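Spelled out from the first residue to the last, the chains are:
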Amino acid sequence: MKPKPMKLSLPLLTSGLLFCGTELLMPAVAMAAPAKPNPGAVEALIRRVTPQSAAQFQIVSLPAGGSERFEIRASNNKIVLSGNTPTAQASAYGWYLKHVANAHLSWNGDQLNLPARLPAPTATIINSTPYPKRFAFNYCTLSYTSAFWDWQRWQREIDFLATNGFNQVLVTAGMEKVWRQTLRDLGYPEDKIRQFIANPAYAAWWHMGNLEGTGGPMSAAQIENEAKLGRQITTRMRELGITPVLTGFVGLLPNDIGDYVPDLKPDLLPQGSWNVYQRPIVLKPTSTQFPRVAAIWYKNLHAQYGGSSLAYGGDLFHEGGRPGDTPLDEAAKNVQTAMQKASPGSTWVLQGWQNNPVPKLLAGLDPQKTMVLQLCRDLRNGNDGSSLRTYDGIPWLWCELANFGGKNGLFGGVPFMSNLSSFLLNPANKRGNMQGVGLLSEGTEQNPLYYDLFFDNFWRSQDIDVNVWLDDYSRRRYGSANPTARKAIGQLMDSGIYSPEQMQNGPTESILFARPAPAPTRVYSNSLGKLYYDRAKIADAAETLLQAAPQLKNQQTYRYDLVDWTRQVIVELGRPTLEKAMDAYNRKDRTAFNQYSSQFIGLLSDCDRLLASDKNWLLGTWIAGARAKGTTPAEKALMEESARMLLTTWSGRVDPLNDYSHRQWAGLTRDYYLPRWQAFFDDYRAVLEGKQPASTLDNWYKSRRAATDIAFAKATKTYSPQPQGDTVAIATELLAKYAPLTREYVRLESQTKPQSWKLAKGVTEFSFDVGDNMDQAGTYQATFQWKSGDSALKIHSVALYESDKKIAEDIHEGWTGNENRQNSFVLKIPQLLNGLESYTLRAQASGASSNNSSGVLKFVKISP
């Protein structure tokens, strides 16, 4: 039974607001002013980061005004760090560590081996930033990366952001209390409030209006703990001159609020669903009720965070929201008006993602009080698949988006980042009112080289000489000018893995972590990415880096990189190994199938052992953080369940979100990814051996494995947050095992030049000259791979002709598209003639849905 609805016009005395009829009377409430920068905050930061050297630094304020700038000089045995803002002073400290002291701070290990007497700069260093705004974090980052951080971890992050020059950072920790008090003030029932508040793992999409209540409920104690954390975060940021970007009110409310606060019901816009989730409803910004509810929101928001802010996030009708017939310009104007009333002069920060914000919405805004974060995932061309928008003169920031979901893999646009200055600052490029840059990767804490290069741009107006920069990076990352380590970095650059050729959703995914299938092409169903790099050169780089172990093995930065590069070598072997296993299955070759399926499982097992040797790659760390957010055993279990579910199925059911946030972590690799591939191979082996019918393989994942994967979220196995094993010893063993195999696979692939095919109207047969591939009798394999077009290709049969004589044929239904099914055809050739005969491959094919389909044929010999 629902509680009796509460009219919005009833007195709500506990909230400090009095509603009378349709008028809102605001008593004079003194709003606490937000904390101001603390003159000693930068000194305190230095004491936290380099306590042994803190006394050798002196902080000096430069005259305010103009571009943010800093100076670094030596005077009276002190390193004098001068800046006209606290963030400039903190940046001077970070610049000194990197470019004078050859020290290194990163998400993936620090190198802070400073001498007793700090080195002085050879001359005064004077830097200013061409970017007034340096923004950090996507809403998604705060769930995929920092959902379970405690104050100690957040304190470290704020120090890291400050030393790199960030001056605006999105903050959502503590929003649970804002929502609770706002809904209480509106008269929404307490039990419904608890159902509405999402778990931190899913809070990002709650704040963006994609879902409500997922992973909850949160207890009162948990809400208070998060509120305390949020206040600590914003207080420290303000002390360091960083603007905490809070979440403004854009109309989001619980989907059923109209049942309990009927005065709102006529002005509510249902938003339908996002994927499988019910969206929160939206209170029309054009309604007379909107400013009243917004006033309640901002009162509670500012009470939670100790005062107002200079910037607020929040998006109208995000990712497919439904505005109905609401005039978008009026709606946007009203949202901004309520924001300005609560915090005069503040800025509304919008996400430039997909088609949002649309021109009609922007037309209603005051450009001087608006800023758009333009998300760019194409790290070759610096956009998101089309030309950059300039938003009709509204200030905007260029924001990198190098990671989706926190998935692991070497990735980043190093050539592009080295030329970021000319890309953004050259007047000829007509960037409109570009005001800065942003870090919006959903998953951070990886790819230290790429991010270090990006952050270095904040205080530069000229392009970066990559080779010189890499010399310096190698020296500070590892603590010395080690020629072997520098050579390894050069080899990694030569592999091309940091030079993506197209727009893609972060690192190219390894199928080791995909839902098992005969020929998966990706892990997350809608991911973009391809093998654009040289895997053999990555193996070369990892082996060279290993050679530096005698000098560098005690550096945590070195050990992290050794794990990361070796991991990349291993996971790249998943695709060719699975191809060989499934080719063997199609040929009914049990021995070969067992060999390659066992090798595939070994890749997962060895990868887990490697990852377990370094603290940065542990499922146990993630789960320990989640459990620490609970205050009772039941709460700890619920937090762990959400932490597990986000990384695996995401939603707790079979749907397109599965594996979006997959991680290459020890524990998860061993107990989630490996068992499901083992089950897959066991079933295929049973069919091959005649122990079960082939029909058991139909719709294999849903029928045979999905329930087990879903159950993983509720499992209770304990995972240690402590590393196990010797990284160098394990990497030595595994590179000796897998680097030669990588080279062999690459060599075999290079021997076969793919031939292109393109379907056209009236074409039912493809013909390929394969004479150059045929030098002796044996078993050959023809594999069709779709590359582009809106239709998959169906292959009905393949035959090999010696001149005009058919000498081999394989007839079965194959399919190649986003997924591949039986797309390889095996042809056994007992003998070849010794003349000058031609060899032609003919394939009968058709489009699955249209004639718009093209791809390549690979024709190789697979056995004598």
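For the structure itself, consult the block above.
A few points on the structure. (Residues numbered from 1 in each chain as written. Predicted model: local features only at pLDDT ≥ 70, side-chain atom pairs only at ≥ 80, totals over all residues. Heavy atoms only, no water.)

**Considerations on the overall build of the protein chain**
Working step 1: When its secondary structure is counted, the protein chain shows 26 helices and 28 strands.
Working step 2: Whereas a compact globule of 864 residues would reach a radius of gyration of roughly 29 Å, the protein chain reaches 29 Å, a difference of no more than 12%.
Working step 3: For the protein chain, the spread of C-alpha atoms along the principal axes amounts to about 100 × 75 × 55 Å.
Working step 4: Classification of the 864 residues of the protein chain by burial places 59% in the buried group.
Working step 5: At a minimum sequence separation of 6, the contacts of the protein chain that also span at least 24 residues come to 75%.
Working step 6: The distance from the centre of the 91 positive side-chain charges to the centre of the 80 negative ones in the protein chain is 4 Å. (Helix = DSSP H or I, 4+ residues; strand = E, 2+ residues; numbered from the N terminus. Rg over C-alpha atoms; globule rule 2.2 N^0.38 Å. Buried < 20%, exposed > 50% of the residue type's maximum accessible area, 1.4 Å probe, protein only. Contact = heavy atoms within 4.5 Å. Lys, Arg positive; Asp, Glu negative; His and termini not counted. Charge placed at Lys NZ, Arg CZ, Asp CG, Glu CD.)

**Let's talk about the packing of aromatic side chains**
Working step 1: Enumeration over the complete set of coordinates arrives at 62 aromatic pairs.
Working step 2: Each ring, one from F160 and one from F455, has its centre 6.0 Å from the other, and the planes form 70 degrees; the classification is edge-to-face. One end of the pair, F160, is in helix α4 (residues 151-164); the other, F455, is in helix α14 (residues 448-456), with 295 residues separating them in the sequence.
Working step 3: Judged by relative accessible area, which is 3%, F455 ranks as buried.
Working step 4: Each ring, one from F196 and one from W206, has its centre 5.8 Å from the other, and the planes form 70 degrees; the classification is edge-to-face. With a gap of 10 residues between them, F196 in helix α6 (residues 190-196) and W206 in helix α7 (residues 203-207) connect regions that are remote in the sequence. (Phe/Tyr/Trp six-rings, centres within 6.5 Å; stacked < 30°, edge-to-face > 60°.)

**Quick notes on the nonpolar core**
Working step 1: Core analysis: the largest hydrophobic core is formed by 246 residues, its most contacted members being W205, L253, W398 and W650.
Working step 2: When sequence neighbours within four positions are dropped, the list of residues in contact with W205 reads C140, S143, Y144, N210, L211, W274, L646 and W650.
Working step 3: One finds L793, V798, L800 and Y839 within the second-largest nonpolar core, a separate group that totals 24 residues. (Core = buried A, V, L, I, M, F, W, Y, C linked by side-chain atoms within 4.5 Å.)

**A word on the pattern of salt bridges**
Working step 1: Per the counting criterion, the structure on display carries 47 salt bridges.
Working step 2: Residues R685 and D682 are paired through a salt bridge, measuring 3.0 Å at the closest nitrogen-oxygen approach. Residue R685 and its partner D682 are located together in helix α24 (residues 668-688), separated by 3 residues, close to a single helical turn.
Working step 3: Under the relative-accessibility criterion, D682 is labelled partly exposed at 35%.
Working step 4: Among the ionic pairs, R705 bridges to D709, the shortest N-O distance being 3.1 Å. Here R705 and its partner D709 are both found in helix α25 (residues 700-711), 4 residues apart, which amounts to about one turn of the helix. Taken as a pair, R705 and D709 share a single burial class, namely buried.
Working step 5: One salt-bridge network, held together by shared partners, links K98, D452, D456, R460 and R476. (Salt bridge = Lys/Arg side-chain N within 4 Å of Asp/Glu carboxyl O.)

**With respect to the environment of G490**
Working step 1: With respect to the helices and strands, G490 occurs in helix α16 (residues 483-494).
Working step 2: By relative accessible area, which is 18% here, G490 ends up buried.
Working step 3: For the pair formed by G490 and A541, sequence separation is 51 residues and the distance between their alpha carbons is 7.8 Å.

**Describing unusual backbone geometry**
Leaving glycine out, the prevailing phi sign among residues is negative, and the prevailing peptide bond configuration is trans.
Working step 1: The linkage connecting G216 with the following residue, P217, adopts the cis geometry, with an omega of 5 degrees.
Working step 2: Along the chain, P217 turns up in the loop between α7 and α8 (220-239).
Working step 3: Omega for the bond connecting N356 with P357 falls within 30 degrees of zero, at -10 degrees, which places this linkage in the cis form.
Working step 4: Positive phi is not limited to glycine here, since N77 has a value of about 60 degrees.
Working step 5: Relative to the assigned elements, N77 resides in the loop between β4 (69-75) and β5 (78-83).
Working step 6: Even without a glycine there, the phi angle at K588 is positive, about 60 degrees.
Working step 7: Along the polypeptide, K588 turns up in the loop between α20 (574-587) and α21 (590-611).
Working step 8: The exposed category is assigned to K588, whose relative accessible area is 65%.

**Structural notes on the environment of M417**
Working step 1: Tracing the sequence through the fold places M417 in helix α12 (residues 414-418).
Working step 2: By relative accessible area, M417 is classed as buried at 0%.
Working step 3: M417 sits 209 residues away from M208 along the chain, and the two C-alpha atoms are 29 Å apart.
Working step 4: The residues contacting M417, other than those within four sequence positions of it, are W398, E400, Y450, L453, F454 and N457.

**Observations regarding the pairing of strand β6 (residues 125-128)**
Working step 1: Because side chains alternate across β6, one face comprises the buried residues I125 and N127, and the other comprises I126 and S128, none of which is buried.
Working step 2: Pairing analysis gives 4 bridges linking β4 to β6, with the strands arranged antiparallel. Within the sheet, the bridge partner assigned to R69 lies in β6 and is S128. (Pairing = 2+ DSSP bridges.)

**Side note on the packing of α21 against helix α26 (residues 727-750)**
Helix-helix packing is characterised by the crossing angle of the two axes and by the distance between the axes.
Working step 1: Across the interface, α21 lies against α26 with an axial gap of 11 Å and an inter-helix angle of 140 degrees. Judged by the inter-axis angle, α21 sits oblique to α26. Crossing hand, α21 versus α26: left-handed. Along the contact surface, α21 presents Y596, Q599, G602, L603, D606, R609 and L610, while α26 presents I730, A731, E733, L734, K737, Y738, L741 and Y745.
Working step 2: Its residues assigned to classes, the contact of α21 with α26 comprises 9 nonpolar, 2 polar and 4 charged. (Axes fitted to C-alpha atoms, helices over the stretch in contact; angles between N-to-C directions. Parallel < 35°, antiparallel > 145°, perpendicular 65-115°, else oblique. Left-handed = near helix turned anticlockwise from the far one by under 90°. Nonpolar A, V, L, I, M, F, W, Y, C, P; charged D, E, K, R; others polar.)

**A few points about the side chain of Q351**
Working step 1: Here Q351 is to be found in strand β16 (residues 347-352).
Working step 2: Using a relative accessible area of 7% as the deciding quantity, one classes Q351 as buried.

**With respect to the layout of surface pockets**
Working step 1: Approximately 1,500 Å³ is the volume attributed to the second largest pocket.
Working step 2: Contributing to the lining of the second largest pocket are 48 residues, with W149, D150, R153, E445 and T621 lying nearest its centre.
Working step 3: Listing elements by their share of the lining of the second largest pocket, those giving two or more residues are α1 (41-49), α4, α8, α19 (556-571) and α22 (619-628).
Working step 4: The element best represented in the lining of the second largest pocket is α4, accounting for 8 residues. (1 Å grid on protein atoms, 1.4 Å probe; cavity = no way out; pocket = protein on both sides within 12 Å on 5 of 7 lines; lining within 4 Å. Points joined across faces, edges and corners; volume = space filled by probe spheres on them.)

**Digging into the sheet that holds strand β26 (residues 824-829)**
Working step 1: Spatially, the 4 strands line up as an open sheet ordered β20-β28-β22-β26, and their pairing is antiparallel. A strand with exactly one partner marks an edge of an open sheet, and here the two such strands are β20 (755-758) and β26. The average angle at which neighbouring strand axes cross in this sheet is 30 degrees, direction not considered.
Working step 2: With 4 bridges joining them, β20 and strand β28 (residues 854-863) adopt antiparallel strand pairing. Within the sheet, the bridge partner assigned to K758 lies in β28 and is S854.

**Remarks on the sheet that holds strand β8 (residues 168-170)**
Working step 1: The strand order around the closed barrel built from 8 strands is β7-β8-β9-β15-β16-β17-β18-β19, with neighbouring strands paired in parallel fashion. When the angles between neighbouring strand axes are averaged without regard to direction, this sheet yields 30 degrees.
Working step 2: In this structure, strand β17 (residues 370-376) lies alongside strand β18 (residues 396-400), joined through 5 bridges in parallel fashion. Bridge pairing in β18 links V372 to W396.
Working step 3: Helix α9 (residues 290-305) contacts β9 (243-247) and β15 (311-313) of the sheet and is inclined by roughly 140 degrees relative to β9.
Working step 4: Packing of α14 onto the sheet brings it into contact with β18 and β19 (434-439), and relative to β19 it is tilted by some 160 degrees.

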